[in-house]
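Observations on chain architecture
If you want the building blocks of each chain, they are given just below.
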Amino acid sequence: MKAILTTVGQDQVGIIAGVSNYLAQRQINILDVSQTIMSGYFTMMMMVEVPSADLDFVQVATELKDLGTKLGVEINIRNADLYQAMHQL
């Protein structure tokens, strides 16, 4: 399943490494990524491919929120179908 992962927070060393390492450990592939720093705030958006047969998406979302807390940022992941449905209304 494709998903959109967003990361926002005060810029600091290790954010990209922390998120990327988590994804790699769970075999979640990064399909596309955009990141920038806006007035000292790190922002990143990723399109990822989650191996739905192998992972519990709710657990992944919870673990990413916990990782965000450790890194001092907010991390959210949502099924890409949600965004697709919002644009079809």
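Here is what the cut-offs are and how they apply
Residues numbered from 1 in each chain as written. Predicted model: local features only at pLDDT ≥ 70, side-chain atom pairs only at ≥ 80, totals over all residues. Heavy atoms only, no water. Helix = DSSP H or I, 4+ residues; strand = E, 2+ residues; numbered from the N terminus. Rg over C-alpha atoms; globule rule 2.2 N^0.38 Å. Buried < 20%, exposed > 50% of the residue type's maximum accessible area, 1.4 Å probe, protein only. Contact = heavy atoms within 4.5 Å. UniProt positions renumbered as here; feature names shortened; annotations may be inferred. Core = buried A, V, L, I, M, F, W, Y, C linked by side-chain atoms within 4.5 Å. Pairing = 2+ DSSP bridges. Axes fitted to C-alpha atoms, helices over the stretch in contact; angles between N-to-C directions. Expected span 1.5 Å × (residues − 1). Arc of directions from axis to C-beta. Polar contact = N/O pair within 3.5 Å; in protein donor to acceptor, adjacent residues only side chain to side chain.

1. Considering the overall build of the chain
Along its length, the chain carries three helices and four strands. Ordering the α and β elements of the chain from the N terminus gives β-α-β-β-α-β-α. Computed over the C-alpha atoms, the radius of gyration of the chain is 13 Å, within 12% of the 12 Å expected from 2.2 N^0.38 for a compact globule of 89 residues. Looking at the chain as a whole, 31% of its 89 residues qualify as buried. Long-range contacts, defined here as pairs at least 24 residues apart, represent 66% of the contacts in the chain between residues at least 6 apart.

2. Comments concerning the side chain of Thr-43
Within the secondary structure, Thr-43 sits in strand β3 (residues 41-49). Given a relative accessible area of 18%, Thr-43 falls into the buried group. Other than its neighbours up to four places away in sequence, Thr-43 contacts Thr-7, Val-8, Ser-34, Gln-35, Thr-36 and Met-38.

3. Digging into the UniProt feature "domain: ACT" (unreviewed entry) in the chain
As annotated by UniProt and renumbered to match this structure, "domain: ACT" (unreviewed entry) occupies residues 4-78. Counted over residues 4-78, helix gives 35% and strand 43%. Its end C-alpha atoms are 5 Å apart.

4. Describing the nonpolar core
Leu-5, Val-19, Leu-23, Val-48, Leu-64 and Ile-77 are the most contacted members of the largest nonpolar core, which totals 19 residues. Breaking this core down by element, the ones donating at least two residues are β1 (2-10), α1 (15-25), β3, α2 (57-71) and β4 (73-79). Setting aside its immediate chain neighbours within four residues, Ile-77 contacts Ala-3, Ile-4, Leu-5, Val-48, Val-50, Phe-57, Val-60, Ala-61 and Leu-64.

5. A word on the sheet that holds β3
Read from one edge to the other, the open sheet built from four strands follows the order β2-β3-β1-β4, with strand pairing classed as antiparallel. One side of each edge strand has no neighbouring strand; the edge strands of this open sheet are β2 (29-38) and β4. Averaged over all adjacent pairs, the angle separating strand axes in this sheet is 15 degrees, with direction ignored. Where β1 and β3 come together, nine bridges link them in antiparallel fashion. In the strand pairing of β3, Gly-9 is matched with Phe-42. Lying on the sheet, α1 is in contact with β1, β2, β3 and β4; it crosses β3 at an angle near 20 degrees. Across the face of the sheet, α2 comes into contact with β1 and β4 while running at roughly 165 degrees to β4.

6. Topic: α2
Over its 15 residues, α2 extends 21 Å from the first C-alpha to the last, a length consistent with the 21 Å expected when each residue adds 1.5 Å. Buried residues of α2: Val-60, Leu-64, Leu-67, Gly-68 and Leu-71, and no others. Buried residues of α2, seen end-on, are gathered within an arc of 105 degrees and therefore sit on one face of the element. Away from its buried face, by an angle of more than 90 degrees, α2 presents the exposed residues Val-58, Thr-69 and Lys-70. Summarising the contacts, the buried residues of α2 are in contact with β1, α1 and β4. Two to three positions downstream of the cap, the backbone nitrogen of Val-58 sits 3.1 Å from a side-chain oxygen, assigning the N-cap of α2 to Asp-56.

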